[in-house]
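One letter stands for each residue in the lines below.
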Amino acid sequence: MSTDWLAAQSFHQSQMLLGAINALCIHTKLELAGRKVEENPVPVVRAREAIATFLGQLDKAVAELESQHGGLVFGKDARQRQLVASFVEARHDPRRSGSTLFHDPLPDIRRLLFSSKVKDHRLLMNCLRDLRVLLEEHVQEDTLEILGEL
Amino acid sequence: MRNLLQQSNRALLHELDNLHRLILGTGGSIAPELKEYLDWALQYCEALREGATQISSYLNLNEDSILDDLLSQTQAVTREFQLFNRQWVGPLLRARKSDRLCLRFLRWLHSTHPGTARTPVALRDDEFSLLPLPDLPAIYGLPCSAQYGLLFLPLFFHEFGHLL
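About the thresholds
All chains use their own residue numbering, which begins from 1 and follows the written sequence. Key to labels: chains lettered from A, ligands numbered from 1, both in the order written. At least 70 in pLDDT is required for a residue's local features to be given in this predicted model, at least 80 for side-chain atom pairs to be given and counted, and no such filter applies to totals for whole chains, interfaces and linings, which use all residues. Side-chain numbers come from the whole structure's heavy atoms, not from hydrogens or water. The helix count covers DSSP runs of H or I at least four residues long, the strand count covers runs of E at least two residues long, and both are numbered beginning at the N terminus. C-alpha atoms define the radius of gyration in this analysis, and the globule rule sets the expected value at 2.2 Å times the number of residues to the power 0.38. Relative accessibility under 20% of the residue-type maximum defines a buried residue, over 50% an exposed one, and the middle range a partly exposed one, all with a 1.4 Å probe and only protein chains included. Using the Shrake-Rupley algorithm and a 1.4 Å probe, accessible areas are obtained, with residue cover drawn only from the displayed protein chains. Contacts between residues were defined by any pair of non-hydrogen atoms, one from each residue, lying within 4.5 Å. Salt bridge, as used here, is a side-chain nitrogen of Lys or Arg placed within 4 Å of a carboxyl oxygen of Asp or Glu. N or O atoms closer than or at 3.5 Å make up a polar contact, with two conditions inside protein: a donor-capable atom paired with an acceptor-capable one, and, for residues adjacent in sequence, both atoms drawn from side chains. Nonpolar cores are built from buried Ala, Val, Leu, Ile, Met, Phe, Trp, Tyr and Cys residues. Side-chain atoms within 4.5 Å join them into one set. To get an axis, fit a line to the C-alpha atoms, keeping to the stretch in contact for a helix; angles then go from 0 to 180 degrees between the N-to-C directions. An angle below 35 degrees is treated as roughly parallel, one above 145 as roughly antiparallel, one from 65 to 115 as roughly perpendicular, and anything else as oblique. By convention the crossing between two helices is left-handed if the near helix lies anticlockwise of the far one by an angle smaller than a right angle, and right-handed if it lies clockwise. Classification used: nonpolar for Ala, Val, Leu, Ile, Met, Phe, Trp, Tyr, Cys and Pro, charged for Asp, Glu, Lys and Arg, polar for all others including Gly. Any residue with an atom within 4 Å of a point lines the site, the site being either a cavity, points on a 1 Å grid over the protein atoms alone where a 1.4 Å probe fits but cannot get out, or a pocket, an open set with protein on both sides within 12 Å along at least 5 of 7 lines. Grid points are joined across faces, edges and corners, and a volume is the space filled by probe spheres set on the points. Aromatic contacts are taken between Phe, Tyr and Trp rings whose centres are within 6.5 Å, Trp giving its six-membered ring; a plane angle under 30 degrees counts as stacked, one over 60 as edge-to-face, and the others as tilted. Distance thresholds for patches are 9 Å for like charges and 5 Å for nonpolar side chains (Val, Leu, Ile, Met, Phe, Trp, Tyr), applied to residues having over 30% relative accessible area and no salt bridge.

A. Summary view of the overall build of chain A. Within chain A, the regular secondary structure consists of six helices and zero strands. N-terminal to C-terminal, the α/β element order of chain A is α-α-α-α-α-α. Compactness check: chain A gives a C-alpha radius of gyration of 16 Å against a globular reference of 15 Å for 150 residues, within 12% of the reference. For the C-alpha atoms alone, the extent of chain A along its principal axes is close to 50 × 35 × 25 Å. Looking at chain A as a whole, 45% of its 150 residues qualify as buried. Carbon and sulfur atoms form 52% of the exposed surface of chain A, whose accessible area is close to 8100 Å².

Laid out in structure tokens, this is it:
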């Protein structure tokens, strides 16, 4: 069996998350801009749940990785480990130090997803933008692995 | 950026229409054992089409604050299309009558486990392989030279194990 499947699984997971982030961002920004939008449509509710689940898993994985002090983390595939490592690296990157996503605890970011305050919505949009950049960098590597240079 | 995104989405919709026609065209000639896979491919193509159409309708709102999100979503749908085009359409276009035995064997194998009973199967010309992806069809690779005999069929048991 080829090892491409790790990249393919990672590709599909990242694509699903990117779709969720984009759906939630578009809906929230249209709301913030005063556009008439449906209240809590199913795709947006699902997107919020998918992002919340991911942030919960990421929080656990980051804690696990940091507790290993750079040692091996078992039980996750190589691409998942790489994504967690990229997140930890971004936390220590001075160019990204101004980002709430990389500065604040992940459970706090997760709570923003369910807040009804406009201030929190704006903060959430910034966090999701930074998370999207991280995921796009990650999915780019998977795409290269599966499809080669496009 | 809005105009560029509109152009990209129009081009993508055009490509999707071509692909949809191509897939639909195989419907009359493929083996009955590939019907589930054909239905899945048509639905997937339609979902991609809906994705691109939705982006176009958001672009028509002329709301600048969502342009970054629409750029990201256009790129995501395009990547999805490229993968679909490259990996998932081939098994339909290459389908042969001689695939029926392998496909029946694989469908029987899948029917033995509740987790795979509803997973569509297909074949591609490749080394013995399988891409085990959750919620997606299972495409089994089979070298061209091994497609006309029974000798190598047991290797599918091994590949099926990866899927489980």
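Still more to cover.
B. Broad picture of the interface of chain A and chain B. The interface of chain A with chain B comprises 24 residues on the first partner and 29 residues on the second. The tally of links between chain A and chain B comes to three salt bridges. When the shortest N-O distance is used, the salt bridge between D69 of chain B and K29 of chain A registers 2.9 Å. At the junction of chain A with chain B, the criterion picks out ten residue pairs in polar contact (both at pLDDT 80 or more). Ranked by residues supplied to the side of chain A that touches chain B, first place goes to helix 1 (residues 4-32) of chain A with 14 residues.

C. Expanded view of the nonpolar core. Membership of the largest hydrophobic core comes to 93 residues, with the highest contact counts inside it found for L128 of chain A together with I23, F84, W88, Y140 and F156 of chain B. With residues near it in sequence (within four places) discarded, Y140 of chain B still touches L106, H110, V121, A122, L123, R124, S129, L130, F156, E159, F160 and L163 of chain B.

D. Structural context of the packing of helix 6 (residues 118-147) of chain A against helix 3 (residues 67-88) of chain B. Between helix 6 of chain A and helix 3 of chain B, whose axes approach to 12 Å, the crossing angle comes to 20°. For the element pair helix 6 of chain A / helix 3 of chain B, the angle class is roughly parallel. Between helix 6 of chain A and helix 3 of chain B the crossing geometry is left-handed. Two secondary-structure elements touch here, helix 6 of chain A through R132, E136, V139, T143, I146 and L147 of chain A and helix 3 of chain B through D68, D69, S72, Q75, R79, Q82, L83, R86 and Q87 of chain B. Grouping the amino acids of the contact of helix 6 of chain A with helix 3 of chain B by side-chain chemistry returns four nonpolar, five polar and six charged.

E. Layout of the layout of surface pockets. Computed from the structure, the largest pocket encloses a volume of approximately 1300 Å³. Lining the largest pocket are 37 residues, and of these Q15, M16, G19 and A20 of chain A together with Q73 of chain B sit closest to its centre. For the lining of the largest pocket, the elements supplying multiple residues, two or more each, are helix 1 and helix 2 (42-67) of chain A together with helix 2 (35-59) and helix 3 of chain B. Here the lining of the largest pocket gets twelve residues from one element, more than from any other, and that element is helix 1 of chain A.

F. Structural view of the packing of aromatic side chains. Residue and element names in this part refer to chain B. All told, the structure shown has twelve aromatic pairs over all chains when counted by the stated rule. Ring centres of Y37 and W40 lie 5.7 Å apart, and the angle between their planes is 40°; this geometry places the pair in the tilted category. Of this pair, Y37 and W40 both sit in helix 2, three residues apart, which is roughly one turn of the helix. With 5.0 Å between their ring centres and 35° between their planes, W40 and Y44 make a pair best called tilted. Here the residue W40 and the residue Y44 both occupy positions in helix 2, the gap between them amounting to four residues, near one helical turn. Residue W40 shares its accessibility class with Y44, and that shared class is buried. Following the ring pairs from residue to residue traces out a cluster consisting of Y37, W40, Y44, F84 and W88.

G. How the structure looks around a nonpolar patch on the surface. Residues and elements named next belong to chain B. Together, L151, F152 and L155 make up a nonpolar patch on the protein surface, roughly 300 Å² of accessible area in all. Tracing the chain through its elements places F152 in the loop between strand 3 (138-142) and helix 6 (155-163). Judged by its relative accessible area of 36%, F152 is partly exposed.

That is the geometry; function is a separate question.
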